[in-house]
Number of protein chains: 2
Amino acid sequence: MAGIKDVAARARVSVATVSRVLNGHPAVRPGTRERVRAAIDELGYRPNGVARSLRTDHTSTLGLVVSDVLNPFFTALARAVEDEARAHGYSVVFGNADEQSALQDHHVRTLLERRIDGLLVSPTADSASLVTEVAGSGVPMVFVDRWIAGCPRVPVVRTDGRAAIAALVDHLHRLGHRRLAVITGPATTTTGNERAEAFLGALAAHGLPAPAHYREEGDFQAGSGRRATARFLDLPEPPEAIFATDNLMALGAMDEIRARGLRVPDDVALAAFDDIPWFLHTDPPVTAIAQPTEALGHGAVRALVDLIEGRPATSLTLTADLVPRRSCGE
Amino acid sequence: MAGIKDVAARARVSVATVSRVLNGHPAVRPGTRERVRAAIDELGYRPNGVARSLRTDHTSTLGLVVSDVLNPFFTALARAVEDEARAHGYSVVFGNADEQSALQDHHVRTLLERRIDGLLVSPTADSASLVTEVAGSGVPMVFVDRWIAGCPRVPVVRTDGRAAIAALVDHLHRLGHRRLAVITGPATTTTGNERAEAFLGALAAHGLPAPAHYREEGDFQAGSGRRATARFLDLPEPPEAIFATDNLMALGAMDEIRARGLRVPDDVALAAFDDIPWFLHTDPPVTAIAQPTEALGHGAVRALVDLIEGRPATSLTLTADLVPRRSCGE
DNA sequence: CAGGGTCGTGGAAACGATTACACGCGGATT
DNA sequence: AATCCGCGTGTAATCGTTTCCACGACCCTG
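Here's what I pulled together on the structure shown here. None of the values given here were measured: they were computed from a predicted structure.

**Examining the protein's contact with DNA strand D**
Next, step 1: Around DNA strand D sit 23 residues, and of these Ile-4, Ser-19 and Arg-55 of chain A together with Ser-14 and Thr-32 of chain B come closest.
Next, step 2: Backbone sugar and phosphate groups make up 62% of those atoms of DNA strand D lying within 4 Å of the protein.
Next, step 3: Arg-20 of chain B places a side-chain nitrogen or oxygen 2.9 Å from a base nitrogen of DNA strand D.
Next, step 4: One of the backbone N or O atoms of Arg-29 of chain B is found 2.9 Å from a phosphate oxygen in DNA strand D.
Next, step 5: Elements with a contribution of two residues or more to the surface near DNA strand D: α2 (15-22) and α4 (49-56) of chain A together with α2 (15-22) and α4 (49-56) of chain B.
Next, step 6: Per-element tally for the surface near DNA strand D: the top contributor is α4 of chain A, with four residues.
Next, step 7: Looking at the surface near DNA strand D residue by residue, the class counts come to ten nonpolar, eight polar and five charged.

Below you can see the structure in the form of structure tokens.
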């Protein structure tokens, strides 16, 4: 492939001049600029970003490590991140950790070797990971959705679902449900903890019981939601309502409920954290807690870009909304 | 950040030796290797992939440009691609074209500048795009799912849905539906055309009518499915069944049907191309044509890696299966 | 008309790795 | 004993850019 030297030769200028027109440097005579442009077109020259990055020490690339691409929440987030990043002149390299901390480390490592300018992470569990180490190392980084406690210098862009969860428990209580169960995320994720605690707190506020067997830990994937639901339904006194702390576990819960020939909400009510388009069309439509996913992605990128460009970056906490549908009853 | 020189100094060897242990070159005395390893750890050294890529002229990176990340089919594909790529030692940079050819070009351009080793594209419409130009330029490239006619040297990894579509028309016919409508993809996409033609062909084989007003062109996004369905339902004699050629347009169709207070399948039957987990839980479950998405992603990466490593690459055509559910009737 | 700016351009030194080549040393071969 | 070979290591060129500095031409000012 043609290099800058070839362009220079063809345009009868030096490589320095070619570089200048490439980068929009003003001190180039219009005529010269035209000659260079022409040479570039004729040769089909494309600047070598690798060489440029080596020289300038930045790659115009952001890394985004999410825990599960198949989760519609994260794909929506990824899309929002990419849009905002592009608006700032960055591209995005994605890594899918599949909820495994080893895979997460793998991606962080390769992203770092690629010398991305900044890192967006929605950390999975295990805080003994590379992420903690990197957090201290000066690489611009921001947590999105989830975070790791004890990384004080890393901004967090997330949504606080506590009010919405309280509203959900209100809603369930008003519909007459008293035995409420929850499928939490891994105890090692912040979101998992926060959502579970908010739920338990809301139960207490209503004077509702919160026995240990009405709480199962899942891993944010459909299979675990299904298994947790099976254990609930096997109880001598199964819950009247189940709250899944993410959409995939809610999907698994529906699987199990349906497999047993039970009906939502008549036999058991269901609600989920994270709203997604499909919830409108399930049988019945699922009441969910909607995060402002786009704002989350945009805010995270803005914080990261601030950090990269040397401005102070701010954490950002958004709020979620309850979207009642039929899956909890009338 | 520490460089190879710092490591060399600390281990009291030359940079060449450090490079050798980095790359597993055998001709290093075990003792030396150990000293270097220790120095690397102590400094927290991470090789600079940018410099390495410049020197070696490869980046161990593949580019994947899909038309819509929010489409579950493509996110499943992306995941399969990433898995297989990782198994071969490559990482993947994704670009989301959002069905816009300008955005697609943008991504192709930046990927090329980043000097990715190979490109996987599911091209959107517009064949006058950069993609066609690149196809001829010697950059390893393979088309996945969709392709562009007239790029003879670019392998295509895709699924042939014709048999499954014929089976679907059989299925609909057997259930008593006679007035069948189709929402196609953009005429400029190969998949859009193939699916529409297969459907029309199957109608003809059954002696069913195929009036022009039973065919609407969508853009593979939910909104267009909804609008097309609205036009169908406004017809004096609306169709008895609607076939959406992708899952998002099917979602839009359900939106519209439900908004009018009609029921699936009693008032109108619905089927979709591309099966996704949510279709099991919609009301009613929708019959779909399932592509072997994983095999598609894996096959595409293998073909691309073959190309990159100088082996002959082969096109691959898989087949799809009809998964009957309740949305077409009993 | 001398001195000082500005403007457009070119020469060459980085950036951080990989790798061809050279070298010194010890053991085996003759 | 002379030669050769292979092993472990170092020196330095190289990849394709950006960018600092220098330089000549020109214009302005005093």
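Following the structure, the description resumes.
**Some remarks on the protein's contact with DNA strand C**
Next, step 1: Ser-14 and Thr-32 of chain A together with Ile-4, Ser-19 and Arg-55 of chain B are the nearest of the 25 residues found near DNA strand C.
Next, step 2: Of everything in DNA strand C that lies within 4 Å of the protein, sugar and phosphate atoms constitute 60%.
Next, step 3: At 2.9 Å, a side-chain N or O of Arg-20 of chain A approaches a base nitrogen of DNA strand C.
Next, step 4: In this structure, a phosphate oxygen belonging to DNA strand C sits 2.9 Å away from a side-chain N or O atom of Tyr-45 of chain B.
Next, step 5: Contributing elements (two or more residues each) for the surface near DNA strand C: α2 and α4 of chain A together with α2 and α4 of chain B.
Next, step 6: Of the residues forming the surface near DNA strand C, the biggest block, five residues, is contributed by α4 of chain B.

**Concerning the sheet that holds strand β9 (residues 269-273) of chain A**
Residues and elements named next belong to chain A.
Next, step 1: Pairing is mixed in the open sheet, where six strands are placed in the order β7-β6-β8-β9-β10-β12. Each edge of the sheet is formed by a strand with only one pairing partner; in this case those strands are β7 (215-217) and β12 (321-323). Averaged over all adjacent pairs, the angle separating strand axes in this sheet is 15°, with direction ignored.
Next, step 2: This element, helix α8 (residues 162-174), spans β6 (180-184), β8 (241-244), β9, β10 (287-290) and β12 of the sheet and lies at about 35° to β12.
Next, step 3: In the packing of helix α9 (residues 190-205) onto the sheet, contacts are made with β6, β7, β8 and β9, and the angle to β6 comes to roughly 170°.

**Section: the packing of helix α1 (residues 4-11) of chain B against helix α3 (residues 30-43) of chain B**
Residues and elements named next belong to chain B.
Next, step 1: Put simply, α1 and α3 touch, their axes get as near as 9 Å, and they point 125° apart. One way to sum up the angle between α1 and α3 is to call them oblique. Note that α1 runs across α3; the crossing there is right-handed. Only Arg-35, Val-36, Ala-39, Ile-40, Glu-42 and Leu-43 of α3 make contact with α1, whose side of the interface consists of Asp-6, Val-7, Arg-10 and Ala-11.
Next, step 2: Tallied by class, residues from the contact of α1 with α3 come to six nonpolar, no polar and four charged.

**Looking at the relation of the copies chain B and chain A**
Next, step 1: After a rotation of 180° and a shift along the axis of 0.0 Å, chain B superposes on chain A with an RMSD of 0.1 Å. Taken together, the rotation angle and the small translation identify this as a two-fold axis. Taking C-alpha positions as reference, the residue of chain B nearest the rotation axis is Thr-282 of chain B, located at 1.9 Å.
Next, step 2: Comparing interface residues between copies, 100% of those in chain B also sit at the interface in chain A, which points to an isologous, same-surface contact.

Rules used in this analysis
- Note on numbering: residues in each chain are counted from 1, in written sequence order.
- Whichever chain is written first becomes A and whichever ligand is written first becomes 1, with later ones labelled in order.
- For this predicted model, a pLDDT threshold of at least 70 governs which residues receive local features, and a threshold of 80 or more governs which side-chain atom pairs are given and counted, while totals over whole chains, interfaces and linings are taken from all residues.
- For the side-chain quantities, the full set of heavy atoms in the structure was used; hydrogens and water were omitted.
- Any residue with at least one heavy atom within 4 Å of a molecule or strand is counted as near it.
- Any N or O atom pair separated by 3.5 Å or less is treated as a polar contact, with the protein-specific requirement of one donor-capable and one acceptor-capable atom, and with residues adjacent in sequence counted only for side-chain atom pairs.
- Strands are runs of DSSP state E lasting at least two residues, helices are runs of H or I lasting at least four, and both sets are numbered from the N terminus onward.
- Residues were grouped as follows: Ala, Val, Leu, Ile, Met, Phe, Trp, Tyr, Cys and Pro as nonpolar; Asp, Glu, Lys and Arg as charged; and all remaining residues, including Gly, as polar.
- Strands were regarded as paired on the criterion that DSSP finds at least two bridges between them.
- In this description, a line fitted to the C-alpha atoms serves as the axis of each element, helices being fitted only across the stretch in contact, and the angle between N-to-C directions of two axes falls anywhere from 0 to 180 degrees.
- Contact definition: two residues touch when any of their heavy atoms are within 4.5 Å.
- When describing relative orientation, an angle under 35 degrees is termed roughly parallel and one over 145 degrees roughly antiparallel, while 65 to 115 degrees is termed roughly perpendicular and anything else oblique.
- Two helices that cross are described as forming a left-handed crossing if the nearer one is turned anticlockwise from the farther one by less than a right angle, and a right-handed crossing if clockwise.
- What sets the superposition is a least-squares fit of C-alpha atoms, and only residues with pLDDT of at least 70 in both copies go into it.

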